[in-house]
Amino acid sequence: MTEPQDPGNSTPHLPTAGPAEDGGTVALDQSASAASFDPPPAKEHSGGSAGRFWSARRIPAGLVALVVLGCTGLLLYDVAAVRAGRPAMQWRRSLADHLAQRPLSNAWVLAGAGLAVVIGLWLLVLAVTPGLRDLLPMRRDRPGVRAALDRTAAALVLRDRAVEVSGVQSVRVRMGRSKVAVRAVSHFRELDDVRADLDTVLATGIDELGLARPPGLSVHVRRPAKKG
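What you see is a predicted model, and the numbers here were worked out from it, not measured in a lab. (Residues numbered from 1 in each chain as written. Predicted model: local features only at pLDDT ≥ 70, side-chain atom pairs only at ≥ 80, totals over all residues. Heavy atoms only, no water.)

Trainee: I'm lost on unusual backbone geometry in this one. Help?
Mentor: Glycine aside, residues mostly have negative phi angles, and peptide bonds mostly take the trans form. Unusually for a residue other than glycine, Arg189 sits at a positive phi of about 75°. By secondary structure assignment, the location of Arg189 is in the loop between β7 (179–186) and α5 (191–208). (Helix = DSSP H or I, 4+ residues; strand = E, 2+ residues; numbered from the N terminus.)

Below, the structure is given as structure tokens:
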């Protein structure tokens, strides 16, 4: 006596054949296309080139300005007080004594110098990099108008496109500035066919996002994990 089949899940499990091993065939249950979609070169539009948006970085700039202003004001006040015949502040006398007694090879001196170098390098990096990595510049079709698309929103758009492909059970999209990594789970159809449809649908979706520099595409499709 045979059990009745579920009409909603009548399609058989079709693993993808892998390389032969010990005279047999191993099922890989996955299909991948790394960078199958090469983004076209960025084109110049009537609105001009679209560069990245620069972060104002108001919090780091404000903190640095406050620290510099406070230290400079305190030092100028102490110098003016010494010029007026008053003794220098205790913190400046103690600092001068410590620096005179400690050699340059002292661990605390080296640690302080290293910390100052790290902070300086961090400020230089903030000054020469645009930041706002979550914003993807869009093509400029009109002069004087700039627009950007949030990476999370772009990933959701591509995910909605991917789940409409026949055979796709779940999709995870990771949107980067230079590449889109897509990992899908397919519960029926040949994995290569599902991956080919995803390549086509996602390549069209990336082009319709209107990005100034369309990212590349990497698609990986696998079977769901076996229970038990």
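Trainee: When you look at the pairing of strand β8 (residues 216–222) in this model, what are you seeing that I'm missing?
Mentor: Within a regular strand, the side chains alternate between the two sheet faces. Judged by how many residues are buried, β8 sits mostly within the fold: 5 of 7 residues are covered. Of the strand pairs in this sheet, β7 and β8 are connected by 7 bridges, and their pairing is parallel. Among the inter-strand pairings, Val180 is bridged to a residue of β8, identified as Leu217. With respect to chirality, the unit in which β7 leads through α5 into the neighbouring parallel β8 is right-handed. (Buried < 20%, exposed > 50% of the residue type's maximum accessible area, 1.4 Å probe, protein only. Pairing = 2+ DSSP bridges. Right-handed = clockwise from strand over helix to strand, strands pointing away.)

Trainee: Teacher, can you tell me more about the pattern of salt bridges here?
Mentor: Two side chains of opposite charge can pair, provided their charged atoms sit close to one another. Under the defined criterion, the tally for this structure stands at 6 salt bridges. As a salt-bridge pair, Asp134 and Arg151 come within 4.0 Å of each other at their nearest N and O atoms. Taken together, the positions of Asp134 in the loop between α3 (107–128) and β4 (135–137) and Arg151 in helix α4 (residues 151–163) put the pair 17 residues apart, joining distant regions of the chain. By relative accessible area, Asp134 is classed as partly exposed at 48%. (Salt bridge = Lys/Arg side-chain N within 4 Å of Asp/Glu carboxyl O.)

Geometry only, nothing functional implied.
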